[in-house]
Amino acid sequence: MGPLYKFGWFDFAYSFQIAGLVGFFFGFVLERAGFGDARKLTAIFYLRDFAVLKVMFTAIVVCSLGLLYFSLFGWIDLARVHILPTYIWPQIVGGLILGVGFVMGGYCPTTSIVATVTGKLDGLIFIVGMMLGSIIFAELFPLLQSFYEAGGMGTVRLPDLFHLSPGVIALLISLMALGVYWVAERVEQKFGNPDELPKGSPKAKRIAAGILVLLGLILAVGYPEERYAQKPVTALLPPKGEKATPIEQKTAPVEKPKSASGFKIVEDEGC
Amino acid sequence: MNKRYANPYAIGVCLGLVLLFSFYTMGRGVGSSASFARIGTFAMGLVAPEHTEANAYFSKYFRGGRSPLMAWLVFLSLGAGLGALFSAFIANRIKGEVARGPAMGVSARLWLALFGGILSGFAARLARGCTSGQALTGASELAFGSWVFMFCIFGGAYATAYLFRKEWL
């Protein structure tokens, strides 16, 4: 049962190899999509090419449905997946500034790596800028700290917020994604360069859309809501029969148990 | 140069599966902005070690007594660089250039890349993540704040895109 690391299948040192592997495929698929080129990335903001939106939304839909199916089949314990906490004000302001940085600089953090290794000098300069921006943030942190913690709501997930079952939320997200794709394709047909836009067969798209709605419907009907409940930290002990190992706590960066290699597992962080 | 990129929906499915693999193995999603913050912290630690370790924000990257570079996300970013390099190599897309619109000068573009990077680095720390670590990962977990964050990225970019049209069009 996953997450494998939280059940002690491998130690901290080995997790770096997983990181390298995940990163390799991450960088690979981003480059395949052409996301190493700022012109391709920023075309979305001039309504010419919505590849960024399509990739992001599809990845989110696939992964969120995937997580719920894994949980449904008992392959993953969602209570042990690190959920990013909500701090609504810094997230709103940070998102707006990041958007400005995106259209000004041409990249977001990960795509600037892709750009740099494929030979784009502006990608490298963007990375230097990001390091400077992080240092500026850290130096100003005493002034920013109260805002950094403003609007803290803990781990709020959409099903908790809307009082709907996770399966229904998954179905709604799938439907929203299909609506967004439909609008995006209409808009880019109008403003974009038809030679550079992807050509997909309408039949394949309809079949894929049908499968997505079906998968969402199955979750909406069949996903047991109690499986989604967040267990309190004290309940995060390894269940019987599983290998007993260090379990990370959701909060409080206090002393963590040591793993086999003598490394200490430190707290999760989002990004 | 080969400009034929893969279909974005197919890429999205692959990216979603990569993310799912990360959740299944590690119980966490991907991310990259923290690795730049960590490299910045590492550099600051070389220049002014005491100042850096005393800083309330930098100090969290020294937790556990390890180098700031010994972190999961740093290795993920290294892997991302290798994966992108491999993909660009097999598609014959490695080319030294400055990506910009036809009406844009090189030095102006590089200055804008620098300032855009500074804004992005700052914003990613403020929001506790970037497009991948906060938007992609958090939205897949159905975290409320991450969805708000994602729409705010698009909001901020669309609101100011007109100002930068000469950079790209």
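Here the structure is a predicted model, which is why all the values come from computation and not from measurement.

1. Quick look at the overall build of chain A
Check the secondary structure of chain A and you find 9 helices and 2 strands. In chain A, the order of α-helices and β-strands from amino to carboxyl end is α-α-α-β-α-α-α-β-α-α-α. By sequence separation, contacts in chain A at least 24 residues apart represent 70% of the contacts at least 6 residues apart.

2. Some remarks on the overall build of chain B
A count of helices and strands for chain B gives 8 helices and 0 strands. Starting at the N terminus and walking to the C terminus, you meet the elements of chain B as α-α-α-α-α-α-α-α. Dimensions of chain B, computed from the C-alpha atoms along their principal axes, are close to 45 × 40 × 35 Å. Taking all 169 residues of chain B together, the buried fraction comes to 58%. Within chain B, counting contacts between residues at least 6 apart in sequence, those at least 24 apart form 60% of the total.

3. Topic: the environment of valine 168 of chain A
Looking at the secondary structure, you find valine 168 of chain A in helix H8 (residues 166-191). A tally of 19 C-beta atoms within 10 Å means that valine 168 of chain A is categorised as partly exposed.

4. Points about the interface of chain A and chain B
Between chain A and chain B, the contact holds 117 residues from the first and 114 residues from the second. Element by element, the count of residues in the side of chain A that touches chain B is highest for helix H6 (residues 121-148) of chain A, at 19 residues. Partitioned by chemical class, the residues of the side of chain A that touches chain B number 75 nonpolar, 29 polar and 13 charged.

5. Details of helix H1 (residues 8-26) of chain B
The end-to-end C-alpha distance of H1 of chain B, which contains 19 residues, comes to 26 Å, matching closely the 27 Å that a straight helix rising 1.5 Å per residue would cover. In the stretch just after H1 of chain B, glycine 27 of chain B is the one whose phi turns positive, near 75°.

6. Thoughts on the nonpolar core
Residues Val29 and Ala59 of chain A together with Leu19 and Ala84 of chain B are the most contacted members of the largest nonpolar core, which totals 124 residues. Looking at this core, the element that brings in the most residues is helix H3 (residues 51-72) of chain A, giving 14 residues. Those residues in contact with leucine 19 of chain B that sit more than four places away from it in its chain are Ala59 and Cys63 of chain A together with Gly29, Val30, Leu136 and Ser140 of chain B.

7. Re the environment of leucine 68 of chain A
All names here are of chain A. Turning to its location among the elements, leucine 68 is positioned in helix H3. For leucine 68, a count of 24 C-beta atoms within 10 Å translates into the label buried. Sequence separation between leucine 68 and arginine 227 is 159 residues, and the spatial gap between their C-alpha atoms is 9.6 Å.

8. A word on the confidence of the model for chain A
Residues and elements named next belong to chain A. Chain-level pLDDT for chain A is 85 on average; 85% of the residues reach the 70-or-more range. Per-element confidence in chain A ranges from a low mean pLDDT of 89 for strand E2 (residues 152-154) to a high of 96 for helix H4 (residues 88-105). Of the regions scoring below 50 in pLDDT, residues 232-271 engages in 69 contacts with residues more than four places distant in sequence or in other chains.

9. Digging into unusual backbone geometry
Where the residue is not glycine, phi is negative for most of them; where a peptide bond is considered, it is trans in most cases. Its identity as a non-glycine residue notwithstanding, histidine 163 of chain A has a phi of 55°, on the positive side. Structurally, the position occupied by histidine 163 of chain A is in the loop between helix H7 (158-162) and H8. By C-beta crowding, histidine 163 of chain A is classed as exposed, having 6 other C-beta atoms within 10 Å. Even without being a glycine, arginine 128 of chain B presents a positive backbone phi close to 65°. Secondary-structure assignment places arginine 128 of chain B in the loop between helix H5 (106-126) and helix H6 (131-140).

10. So, H8 of chain A
Counting along an α-helix, one turn takes 3.6 residues, and residues three or four places apart therefore face a common direction. Residues and elements named next belong to chain A. Helix length check: H8 (26 residues) gives 37 Å between terminal C-alpha atoms against 38 Å at 1.5 Å per residue, within 8%. Every buried residue belonging to H8 is among Pro166, Gly167, Ile169, Ala170, Leu171, Ile173, Ser174, Ala177, Tyr181, Ala184 and Glu188, and all of these are buried. Residues of H8 that are buried in the fold lie against H3, H7 and helix H9 (202-222).

11. Regarding the environment of threonine 58 of chain A
Structurally, threonine 58 of chain A is set in helix H3. With 23 C-beta atoms counted inside 10 Å, the residue threonine 58 of chain A sits in the buried group. In the structure, threonine 58 of chain A is positioned 161 residues away from leucine 219 of chain A in sequence and 17 Å away in space, judged by C-alpha atoms. The contact partners of threonine 58 of chain A, leaving out residues within four places of it in the chain, are Tyr9, Gly12, Val13 and Gly16 of chain B.

12. Observations concerning the packing of helix H5 (residues 109-117) of chain A against H6 of chain A
Residue and element names in this part refer to chain A. Across the interface, H5 lies against H6 with an axial gap of 8 Å and an inter-helix angle of 140°. The angle between the axes of H5 and H6 places the two elements in the oblique class. Note on packing geometry: the crossing formed by H5 with H6 is left-handed. Residues Pro109, Ser112, Ala115 and Thr116 of H5 touch H6, and the partners they reach there are Gly123, Leu124, Phe126, Ile127 and Met130. Tallied by class, the residues present in the contact of H5 with H6 amount to 6 nonpolar, 3 polar and no charged.

Reading the values: the criteria
- Residues numbered from 1 in each chain as written.
- Chains lettered and ligands numbered in written order.
- Predicted model: local features only at pLDDT ≥ 70, side-chain atom pairs only at ≥ 80, totals over all residues.
- Helix = DSSP H or I, 4+ residues; strand = E, 2+ residues; numbered from the N terminus.
- Contact = placed C-beta atoms within 7 Å.
- Buried ≥ 20, exposed ≤ 12 C-beta atoms within 10 Å, placed from the backbone.
- Nonpolar A, V, L, I, M, F, W, Y, C, P; charged D, E, K, R; others polar.
- Expected span 1.5 Å × (residues − 1).
- Core = buried A, V, L, I, M, F, W, Y, C linked by C-beta atoms within 7 Å.
- pLDDT = per-residue confidence, 0-100.
- Axes fitted to C-alpha atoms, helices over the stretch in contact; angles between N-to-C directions.
- Parallel < 35°, antiparallel > 145°, perpendicular 65-115°, else oblique.
- Left-handed = near helix turned anticlockwise from the far one by under 90°.

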